[in-house]
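Structural overview
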There are 2 protein chains.
Amino acid sequence: VSVSLIGAGPGDPGLFTMRGAELLGRAEVVIYDRLIGHELLDLAPPGAELINVGKSPGTSRPQAEINAQLVEHGRAGRRVVRLKGGDPFVFGRGGEEAEALRNAGVDYEVVPGVSSAFAAPAAAGIPVTHRGMATSVTVVTGHVGDQSAPGGVDWYSLGRAGGTLVILMGMSERARIASELIGSGRDAGTPVAVVHWGTTPHQQVVRSTLGGLASVELPAPSAIVVGPVAALDLGPAPASGGAGSS
Amino acid sequence: VSVSLIGAGPGDPGLFTMRGAELLGRAEVVIYDRLIGHELLDLAPPGAELINVGKSPGTSRPQAEINAQLVEHGRAGRRVVRLKGGDPFVFGRGGEEAEALRNAGVDYEVVPGVSSAFAAPAAAGIPVTHRGMATSVTVVTGHVGDQSAPGGVDWYSLGRAGGTLVILMGMSERARIASELIGSGRDAGTPVAVVHWGTTPHQQVVRSTLGGLASVELPAPSAIVVGPVAALDLGPAPASGGAGSS
């Protein structure tokens, strides 16, 4: 295998997988995103070439360029690690990178990671499912267009379906999302938690309700948790260091 | 911290977290479920007490008894690892165990794991989200009652909402679930993949459609993936060893 698409996990380096660490430890090229725990890069061997393809929002390389880099280094027979935040196959565009490698005939493998969609709520003490509260959890991106657009999100039906919602990349659209969910029949008093940089030392958690979500001010990256479980506080998580923190 | 609720991941021991391995390596008591990768138990120190609380379906200990064991060993000040398949806070009843520990005043922490809800599809080459195919993924349990029961699943709205569905513990109810999803408007030709023991050497994958799901014969544990992404085959995953397997 030449290229390994590896989930870096949600931010806490302790949540990286053993297989990921093993592969990173013998990488020759590491192509990484902005949202990974940078302590992880210390696991790469001293001589490895480190390539940041997502320095900051707005300056990220286009996906096609990243795909081309993966193919180029893979074709050169180098041991390439593509380190992606969370899990490569959950809103990570890892599927597109896998397709590019397959089409180019480059061997690759996929190493799942701990998804921040579940780990960020956990770090705030929130189980995304809980007996008597939620029998399903939907992870959805907030930064695509409305339901009428192709590939858009049908917030009305998601709202109707009940269960826990975890909205990633949704802060800029939070007022509209809250309004659509309330319009679907979700109570404005439905608990909401917003988890910024979950599992990391920068973690911040704000508790609110659907009706109050528009007023929550936290920058990206933040996960928005909607549903009765968002009122739970069953922490601590590893990175927070003790009961009752966050 | 006395008790660590740790996600063991989907089965492949390489998908265990580094933090989980560290804690397991100095555990005095390990309380584990049936569905964990048993190679993981080798990470426990030689003298550790290993307690299997879920030997086989039907003989699992009641949750209250497991909670009581966690509290008892935790109160005794022993370093307890509670090893749960997948992620403790995603259909793992970890929230109930955390509540029991909190109510008893026992220190604990939660260490997320790689969820089989995402890793089993990945091991079959399926990204649960993919550009132009799915902007959301819903993970749902198939073994609760119908939508009219309290805490039940509203299959109709989930079907309407589009996006990828990953149904855990749903094989015994697969005919009813398929019928409800088709009734909600999902096309009978919607791709379906059933992934048995994903990420392990026992992995089996059967591809079908919603209309054909009732005829798929695979035993538990199996994850059912419903949606256009279920037709993708962007493997391999680590455990499968090479391109085009599964």
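Because the structure is a prediction, the values reported are computed rather than measured.

**Thoughts on the interface of chain A and chain B**
Across the boundary between the two partners, chain A contributes 59 residues, which contact 59 residues of chain B. Linking chain A with chain B are 2 salt bridges. A salt bridge links Glu96 of chain B to Arg131 of chain A; the shortest N-O distance between them is 3.3 Å. Our enumeration of links across chain A and chain B arrives at 23 residue pairs in polar contact (both at pLDDT 80 or more). Only α1 (18-24), α3 (94-104), β5 (108-111), α4 (116-123), β6 (136-141) and α5 (155-160) of chain A provide two or more residues apiece to the side of chain A that touches chain B. The biggest single contributor to the side of chain A that touches chain B is β6 of chain A, with 6 residues. Among the residues forming the side of chain A that touches chain B, the class breakdown is 33 nonpolar, 16 polar and 10 charged. The sheet contact formed by β6 of chain A and strand β6 (residues 136-141) of chain B spans 5 bridges and is antiparallel. Looking at the pairing, Ser136 of chain A lines up with Val140 of chain B of β6 of chain B.

**A look at the pattern of salt bridges**
Under the counting rule described, the total for this entry stands at 26 salt bridges over all chains. The partner of Arg26 of chain A in a salt bridge is Glu22 of chain A, with the nearest N and O atoms 3.2 Å apart. Relative accessible area serves as the criterion here: at 38%, Arg26 of chain A is assigned to the partly exposed category. The exposure class assigned to Glu22 of chain A is partly exposed, which follows from its relative accessible area of 42%. One salt bridge connects Glu173 of chain B with Arg176 of chain B, and the closest N-O pair in it is separated by 2.8 Å.

**Details of the sheet that holds strand β3 (residues 49-52) of chain A**
Pairing between the strands of a sheet comes from backbone hydrogen bonds, and it takes one of two forms, parallel or antiparallel. Residues and elements named next belong to chain A. One open sheet holds the 5 strands; their spatial order is β3-β2-β4-β1-β5, and the pairing between them is parallel. In this open sheet, the two edge strands, each paired with only one partner strand, are β3 and β5. Strand-to-strand, the axes of this sheet are offset by a mean angle of 15 degrees, without reference to chain direction. The pairing of strand β2 (residues 29-32) with β3 spans 4 bridges and is parallel. Counted as the bridge partner of Val30 is Leu50 from β3. Each of β1 (3-7), β2, β3 and β4 (80-84) is contacted by helix α2 (residues 63-75), which is oriented at about 155 degrees to β4, the strand it contacts most.

**Structural notes on the pairing of strand β10 (residues 222-226) of chain B**
Residues and elements named next belong to chain B. The element β10 is extensively covered by neighbouring structure, given that 5 of its 5 residues are classed as buried. On β10, burial covers both faces: Ser222, Ile224 and Val226 on one face and Ala223 and Val225 on the other are all buried. Bridging between strand β7 (residues 164-168) and β10 involves 4 bridges; their strand directions are antiparallel. Residue Leu168 lies in a different strand from β10, and its bridge partner there is Ala223. Where strand β8 (residues 191-196) meets β10, 5 bridges bridge the pair, whose relative direction is antiparallel. Paired with Val192 across the strands is Val226, a residue of β10.

**Quick word on the confidence of the model for chain A**
Residue and element names in this part refer to chain A. Of the residues in chain A, 90% have a pLDDT of 70 or more, and the chain-wide mean is 90. Low pLDDT (under 50) marks residues 146-150, which in the prediction has 7 contacts with non-local residues, meaning those over four places away or in another chain. Under a pLDDT of 50 for its full length, residues 237-246 has, in the predicted model, 17 contacts with residues more than four places off or in other chains. Per the prediction output, this complex has pTM 0.93; the corresponding ipTM is 0.92.

**Quick word on the sheet that holds strand β3 (residues 49-52) of chain B**
All names here are of chain B. The 5 strands are arranged β3-β2-β4-β1-β5 in an open sheet whose pairing can be described as parallel. With partners counted over all chains shown, the strands left at the sheet margins are β3 and β5 (108-111), one partner each. When strand polarity is set aside, the average angle formed by the axes of neighbouring strands in this sheet is 15 degrees. Bridging between strand β1 (residues 3-7) and strand β4 (residues 80-84) involves 5 bridges; their strand directions are parallel. Its bridge partner lying in β4, Leu5 is registered against Arg82. The sheet contacts of helix α2 (residues 63-75) involve β1, β2 (29-32), β3 and β4, and relative to β4 the element is tilted by about 155 degrees. The sheet contacts of helix α3 (residues 94-104) involve β1, β4 and β5, and relative to β1 the element is tilted by about 175 degrees.

**A few points about the pairing of β6 of chain B**
Residue and element names in this part refer to chain B. Counting buried positions over the 6 residues of β6 gives 6, a clear majority of the element. What you see with β6 is no split at all: Ser136, Thr138 and Val140 on one side and Val137, Val139 and Thr141 on the other are buried throughout. Of the strand pairs in this sheet, β6 and β7 are connected by 5 bridges, and their pairing is parallel. Considered in β7, the bridge of Val137 is made with Thr164.

**Points about the side chain of Asp87 of chain A**
Residues and elements named next belong to chain A. Along the chain, Asp87 turns up in the loop between β4 and α3. Notably, Asp87 is buried but unbridged: the nearest opposite-charge side chain belongs to Lys84, and the N-O separation is 9.6 Å. With residues near it in sequence (within four places) discarded, Asp87 still touches Gly7, Gly92, Pro112, Gly113, Val114 and Ser115.

**Digging into α3 of chain A**
All names here are of chain A. All of the buried residues along α3 are Gly94, Gly95, Glu96, Glu97, Ala98, Ala100 and Leu101. Structurally, α3 contributes buried residues whose contacts are with β1, α2, β4 and β5. Looking one or two residues beyond α3, the residue adopting positive phi is Gly105, at roughly 75 degrees.

**Some thoughts on the side chain of Ser157 of chain B**
Relative to the elements of secondary structure, Ser157 of chain B occurs in helix α5 (residues 155-160). For Ser157 of chain B, the side chain forms a polar contact with the side chain of Asp154 of chain B, separated by 2.8 Å. Setting aside chain neighbours within four positions, we find Ser157 of chain B in contact with Ser157, Arg160 and Ala161 of chain A.

Definitions and limits used
Residues numbered from 1 in each chain as written. Chains lettered and ligands numbered in written order. Predicted model: local features only at pLDDT ≥ 70, side-chain atom pairs only at ≥ 80, totals over all residues. Heavy atoms only, no water. Contact = heavy atoms within 4.5 Å. Salt bridge = Lys/Arg side-chain N within 4 Å of Asp/Glu carboxyl O. Polar contact = N/O pair within 3.5 Å; in protein donor to acceptor, adjacent residues only side chain to side chain. Helix = DSSP H or I, 4+ residues; strand = E, 2+ residues; numbered from the N terminus. Nonpolar A, V, L, I, M, F, W, Y, C, P; charged D, E, K, R; others polar. Pairing = 2+ DSSP bridges. Buried < 20%, exposed > 50% of the residue type's maximum accessible area, 1.4 Å probe, protein only. Axes fitted to C-alpha atoms, helices over the stretch in contact; angles between N-to-C directions. pLDDT = per-residue confidence, 0-100. Lys, Arg positive; Asp, Glu negative; His and termini not counted.

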